[in-house]
Amino acid sequence: MYCNDPQNPRVSLALSAKVVPLIDVRPGDTVVFRGPAAQIKPQAVELESSKGPMHIVRVENGLEKVVRTRVETLAEGKRYRVVLENLAEQGSYSGYVRLLTDHPQKPEVLLSVRGMVEGPIGIRPTSLLVGKTSGTPEIRVGRVLVVHHGGTAFRITKLDYDAQLLEVTAKPQEGLSAYVLDVAAKLEAVPLGTRKLTALKVQTDLRPEDRLEVQVVVVHQ
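Reading guide: rules and limits
Residues numbered from 1 in each chain as written. Predicted model: local features only at pLDDT ≥ 70, side-chain atom pairs only at ≥ 80, totals over all residues. Heavy atoms only, no water. 1 Å grid on protein atoms, 1.4 Å probe; cavity = no way out; pocket = protein on both sides within 12 Å on 5 of 7 lines; lining within 4 Å. Points joined across faces, edges and corners; volume = space filled by probe spheres on them. Helix = DSSP H or I, 4+ residues; strand = E, 2+ residues; numbered from the N terminus. Nonpolar A, V, L, I, M, F, W, Y, C, P; charged D, E, K, R; others polar. Buried < 20%, exposed > 50% of the residue type's maximum accessible area, 1.4 Å probe, protein only. Phe/Tyr/Trp six-rings, centres within 6.5 Å; stacked < 30°, edge-to-face > 60°. Salt bridge = Lys/Arg side-chain N within 4 Å of Asp/Glu carboxyl O.

## Structural notes on the layout of surface pockets
Phase 1: There is about 300 Å³ of room inside the largest pocket.
Phase 2: Residue lining of the largest pocket: 16 residues in total, with Met-116, Val-117, Glu-118, Ile-123 and Thr-126 positioned closest to the centre.
Phase 3: Elements represented by at least two residues in the lining of the largest pocket include exactly strand E2 (30–36), strand E7 (91–103), strand E8 (106–118), strand E9 (121–124) and strand E16 (212–220).
Phase 4: Across the lining of the largest pocket, the residue classes break down as 5 nonpolar, 7 polar and 4 charged.

## Some remarks on the environment of Val-19
Phase 1: Within the fold, Val-19 resides in the segment before strand E1 (23–26).
Phase 2: Residue Val-19 is classed as exposed on the basis of its relative accessible area of 74%.
Phase 3: Val-19 sits 15 residues away from Arg-34 along the chain, and the two C-alpha atoms are 32 Å apart.

## Details of the packing of aromatic side chains
Phase 1: For the coordinates displayed, the defined rule picks out 1 aromatic pair.
Phase 2: When the centroid spacing of 5.3 Å and the interplanar angle of 55 degrees are considered together, the rings of Phe-154 and Tyr-179 count as tilted. Here the residue Phe-154 occupies a position in the loop between strand E11 (142–148) and strand E12 (156–160), and Tyr-179 occupies one in strand E14 (residues 178–185), the gap between them amounting to 25 residues. In this structure, Phe-154 and Tyr-179 share a single accessibility class: buried.

## With respect to empty space enclosed by the protein
Phase 1: Following the criterion strictly, the structure yields 1 cavity of 30 Å³ or more and no others.
Phase 2: Contributing to the lining of the largest cavity are Gln-90, Gly-119, Pro-120, Ile-121, Val-202, Thr-204, Arg-207, Asp-210 and Leu-212.
Phase 3: Here the lining of the largest cavity is built from residues that sort into 4 nonpolar, 3 polar and 2 charged.

## Some details on unusual backbone geometry
Phase 1: Cis geometry marks the peptide bond from Arg-26 to Pro-27, where omega comes out at 0 degrees.
Phase 2: Position of Pro-27 relative to the elements: it lies in the loop between E1 and E2.
Phase 3: Of note, the amide linkage connecting Arg-124 to Pro-125 takes the cis form, showing an omega dihedral of 0 degrees.
Phase 4: Along the chain, the position of Pro-125 falls in the loop between E9 and strand E10 (127–132).

## Notes on the pattern of salt bridges
Phase 1: Applying the stated criterion across every chain, the model contains 18 salt bridges.
Phase 2: Of the charged contacts, one joins Arg-98 and Glu-60 as a salt bridge, the two residues approaching to 3.6 Å between their closest N and O atoms. Taken together, the residues span a long stretch of sequence, with Arg-98 in strand E7 and Glu-60 in strand E4 (residues 56–61) at a distance of 38 residues.
Phase 3: Its relative accessible area of 29% is what places Arg-98 among the partly exposed residues.
Phase 4: For Glu-60, a relative accessible area of 32% corresponds to the partly exposed category.
Phase 5: Ionic pairing is found between Glu-72 and Arg-70, a salt bridge with its closest N-O pair at 3.1 Å.
Phase 6: Assessed through its relative accessible area of 24%, Glu-72 is described here as partly exposed.

This is the structure:
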């Protein structure tokens, strides 16, 4: 603040405030399900009104095929728990669960829900960078793990990839419940200063209908 006081022509003022939401959402309005389907546990979100009574009157689930919801009353007219349960056996999804309330100033609360669900056999990572990048003398090789989460032995029956761009070697691990795939780039097929995007697909004898996939970026810089 500037004024005409010759002794103090400029004064600094500090302002602080505590903003209390009309409906507090704990731990947050984003729910993420990640990992093997059999190991993903339900998650809970609590809603509490900080001003006046509030009831959840309806739940609009935009992901009802892959996410189940239920509402539990913790304190009538004030605090509620919304439990979300993953139903997907495999794959990725994202969307919203809309909670409609009778609060006059906060008629709805939107929950963002995402899922990255692995089936019985998982593959990680799902993206790789291989080849040679500028400033590094060595050629970068990628490594992929294919594993059965229950420890059951299986065989890789097919590796599908562009043999002009990649060289892939599968190494079974002890017990045959996992494989390590070493992924190397064939830089002679990639012009200097460019990159190419390709995919590595894996098929197994336990779930031959599934195609586990890794996106691979081949770089030559």
